[in-house]
Amino acid sequence: MRKFINKITAAVLISLPHVFIPEAIAEKPLKIAVLDLNAIRTKSVAIKSIRTQIEKYRKNFQKNIKKEEDALRVANQKLAKRRTLLSPDAFAKERRLFEKNVVVVQKLARQHKLDLERSLNKAMLVVEKKMNSIMTDVATKRGTSLVLRRQNTILADRSMDMTEEVLKRLNAELKMVSVKKPGNK
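In this text the structure is predicted, and so the values were computed from the model without any measurement.

Draft legend 1. Representation of the pattern of salt bridges in the model. The final tally for this structure, using the stated rule, is twelve salt bridges. Of the charged contacts, one joins Lys130 and Glu173 as a salt bridge, the two residues approaching to 3.1 Å between their closest N and O atoms. In this pair, Lys130 sits in helix α5 (residues 88-142) while Glu173 sits in helix α6 (residues 163-173), placing the two residues 43 residues apart along the sequence. Overall, Glu173 belongs to the partly exposed group, its relative accessible area being 39%. Of the charged contacts in the structure, one is a salt bridge between Lys141 and Asp137, with a shortest N-O distance of 3.3 Å. Remark: Asp137 and Lys141 occur in helix α5; sequence separation between them is four residues, near one turn of the helix. By relative accessible area, Asp137 is classed as partly exposed at 26%. Among the ionic contacts, a cluster of salt bridges with common partners joins Lys130, Asp137, Lys141, Arg169 and Glu173.

Draft legend 2. Representation of the packing of helix α4 (residues 45-82) against α5 within the structure. Two elements in contact, α4 and α5, have axes whose closest approach is 10 Å; the angle formed by their N-to-C orientations is 180°. Taken together, the axes of α4 and α5 lie roughly antiparallel to each other. Its residues assigned to classes, the contact of α4 with α5 comprises 21 nonpolar, four polar and six charged.

Draft legend 3. Structural context of the confidence of the model for the protein chain. When pLDDT is averaged along the protein chain, the result is 87; 85% of the residues meet or exceed 70. The least confident element of the protein chain is helix α1 (residues 2-20), whose mean pLDDT is 53; the most confident is α6, at 96.

Draft legend 4. Molecular detail of the nonpolar core. Core analysis: the largest hydrophobic core is formed by 26 residues, its most contacted members being Ile50, Val127, Met162 and Val166. For this core, the secondary-structure elements that each account for two or more residues are β1 (32-35), α3 (37-43), α4, α5 and α6. Counting residues per element, this core draws most heavily on α5, at nine residues. If near-sequence neighbours (up to four positions away) are discounted, Ile50 is found in contact with Leu120, Ala123, Met124, Val127, Val177 and Val179. One finds Leu72, Phe91, Phe98 and Val105 within the second-largest nonpolar core, a separate group that totals five residues.

Cut-offs used in this document
- Residues numbered from 1 in each chain as written.
- Predicted model: local features only at pLDDT ≥ 70, side-chain atom pairs only at ≥ 80, totals over all residues.
- Heavy atoms only, no water.
- Salt bridge = Lys/Arg side-chain N within 4 Å of Asp/Glu carboxyl O.
- Helix = DSSP H or I, 4+ residues; strand = E, 2+ residues; numbered from the N terminus.
- Buried < 20%, exposed > 50% of the residue type's maximum accessible area, 1.4 Å probe, protein only.
- Axes fitted to C-alpha atoms, helices over the stretch in contact; angles between N-to-C directions.
- Parallel < 35°, antiparallel > 145°, perpendicular 65-115°, else oblique.
- Nonpolar A, V, L, I, M, F, W, Y, C, P; charged D, E, K, R; others polar.
- pLDDT = per-residue confidence, 0-100.
- Core = buried A, V, L, I, M, F, W, Y, C linked by side-chain atoms within 4.5 Å.
- Contact = heavy atoms within 4.5 Å.

Here it is in structure tokens:
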């Protein structure tokens, strides 16, 4: 009797996947592709153009901040020379004013950095959207049901790699992305 129950249980368990999984899904084999996002980010023409534009803005901001820092250095030297000439109260007042200017320049530098990051992120989002669209199209044409990042894959056959195809289309369809000037919302 016990053997009979075990055989029935085994038969039921074997047939369960056919009961719960629709035939269309059960018959479709899992086809996997691999995509190297780092290679795309390194070789993409659009991303290179974004980096060039961001670097130009960064250098301009650094030049402006350097001017402000130089002005602060000169003001600090003048204040140090005037220390013996001013009363302690007058010197303390001028020192507080100088320190306020230092804080203003620090805030300006932080704001420039945030503005650069925002502009970079907005431009990169354009590339990511286009890349996702291309990746989806390539995966659909290949009949791929799962795309893995190359960084998360230990070993994969080269035929599974769709990086070059995606990169070639991305470079053809999106050569440049204009980066909005940082600080302009």
